[in-house]
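Report on the structure
Single-letter residue listing:
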Amino acid sequence: MTKKTNQTDYNFAFLDEGSKREIRRSILHAIAVPGYQVPFGSRELPIGRGWGTGGIQLTMSLIGPHDKLKVIDQGNDDSVNAVSIKNLICRTTGVETTTDTAEADIIQSRHRVPEEPLREDQVLVLQVPQPEPLRGVDPHEEVTRQLHADGEYTGIWVNLFELLLTKGSPFRGADHPVMADGRYVMNPSPIPRYDNPKLHQAQCLYLFGAGREKKIYAIPPHTDVVSLAFEDHPFRQEDLSGRKCRLCGAENVFFDELFDEATGQRYYQCSDTGYCQKRRRQQAQQRGEQQ
């Protein structure tokens, strides 16, 4: 007979206390130097590397028994990745989960920043597959670290210029590099370009974890974060004008574009499913009050 697993079978939040202390020290180092990649001893977890292990370790090192957790994958609360991470953390902590951004103390995300503005008492943990923005410039770690130390980012500017020449725009669709606190160029994780401005002078703490690459970096509250752009090609987000969510009617948010093969029509839905569900609940409540 298989024994039922619960949080009493593990140390709280799975990781041993020594590992969590080491990760918290790395987090403090990352907060002190915005955008700087702090090496850490990435631990083994019951999930494959590349599936969010860096973000999971950050969350497990910070979460407490009274915290409320939200996990999203490209805005979706119910994807396989999001559900699996929630199950792992909840079964080893017993904490509550929520789909409401406003209710969460810790939000772990893959490839999206929630639509609702975050508060100063909230932490957003972003999963990062490749933390090094200079990896396309040079594949050697010792070289990229020296380039960061010297503030030598010519290679990134050349890459963006090549994009302008070949694609007509210097802006990447996701993972567009940013300058943190006027010093370090960093990858904002593969969030869409639409989310980049949310990092600038934010109220919340942003933490970035790359388990496979064993790096942690951060953007503390009220930090200047500027997306790289040329003077004659100022940074701009994706043009989402004229679009509306087919479920909640939201505008000026980031959408998933869907195609109905039966009708041959394209339609749009909020990428942030929790935001969309909350709007629909509020709309249903307003209709009930009016009746």
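For the structure given in this document, a descriptive report is provided here. Here the structure is a predicted model, which is why all the values come from computation and not from measurement.

A closer look at the packing of helix H2 (residues 53–62) against helix H3 (residues 80–93)
A packed helix pair is summarised by two numbers, namely the angle formed by the two axes and the spacing between the axes. At their nearest, the axes of H2 and H3 sit 11 Å apart, and the two run at 25 degrees to each other. In this view, H2 runs roughly parallel relative to H3, as classed from their interaxial angle. Every pair of crossing elements has a handedness; the one defined by H2 and H3 is right-handed. Note on element contacts: H3 touches H2 through Ile85, Leu88, Ile89 and Thr92, opposite Ile56, Thr59 and Met60. Tallied by class, residues from the contact of H2 with H3 come to five nonpolar, two polar and no charged.

So, the packing of aromatic side chains
Inspection of every chain in the model, using the stated rule, returns seven aromatic pairs. Between Phe208 and Tyr217, the aromatic rings sit 4.8 Å apart at their centres with planes inclined by 0 degrees, giving stacked as the arrangement. Judged by relative accessible area, Tyr217 falls into the buried class, the value being 0%. Cluster of aromatic residues (ring-pair linked, three or more members): Trp157, Phe161 and Phe230. One cation-aromatic arrangement involves Arg183 over Tyr184; the distance from NZ or CZ to the ring centre is 4.2 Å.

Concerning the sheet that holds strand S9 (residues 215–219)
Paired through backbone hydrogen bonds, the strands of a sheet run either parallel or antiparallel to each other. Spatially, seven strands are ordered S1-S9-S8-S5-S4-S2-S3 in an open sheet, and the strand pairing comes out mixed. Of all the strands in the sheet, the pair left with one neighbour each is strand S1 (38–39) and strand S3 (96–97). Alignment of strand S2 (residues 68–73) against S3, held across two bridges, turns out to be parallel. By the bridge assignment for S3, Lys68 is matched with Glu96. With respect to the sheet, H3 is in contact with S2, S3, strand S4 (106–110) and strand S5 (123–127), its orientation differing from that of S2 by roughly 155 degrees.

Things to note about the side chain of Thr101
As for its position among the elements, Thr101 is in the loop between S3 and S4. Classification of Thr101 as buried rests on a relative accessible area of 3%. If we skip the residues at most four places from it in the chain, Thr101 touches Lys70, Ile107, Pro114, Glu116, Leu118 and Gln122.

Some words on the environment of Gln108
For Gln108, the location among the structural elements is in strand S4. In this structure Gln108 comes out as buried when scored by relative accessible area, which is 0%. Among residues more than four places away in sequence, those in contact with Gln108 are Gly52, Gly55, Ile56, Thr59, Lys70, Val71, Ile72, Ile85, Ile89, Val125 and Gln127. Separated by 2.7 Å, the side chains of Gln108 and Thr59 make a polar contact.

What counts as what
- Residues numbered from 1 in each chain as written.
- Predicted model: local features only at pLDDT ≥ 70, side-chain atom pairs only at ≥ 80, totals over all residues.
- Heavy atoms only, no water.
- Axes fitted to C-alpha atoms, helices over the stretch in contact; angles between N-to-C directions.
- Helix = DSSP H or I, 4+ residues; strand = E, 2+ residues; numbered from the N terminus.
- Parallel < 35°, antiparallel > 145°, perpendicular 65-115°, else oblique.
- Left-handed = near helix turned anticlockwise from the far one by under 90°.
- Contact = heavy atoms within 4.5 Å.
- Nonpolar A, V, L, I, M, F, W, Y, C, P; charged D, E, K, R; others polar.
- Phe/Tyr/Trp six-rings, centres within 6.5 Å; stacked < 30°, edge-to-face > 60°.
- Buried < 20%, exposed > 50% of the residue type's maximum accessible area, 1.4 Å probe, protein only.
- Lys NZ or Arg CZ within 6 Å of the ring centre and 35° of its normal.
- Pairing = 2+ DSSP bridges.
- Polar contact = N/O pair within 3.5 Å; in protein donor to acceptor, adjacent residues only side chain to side chain.

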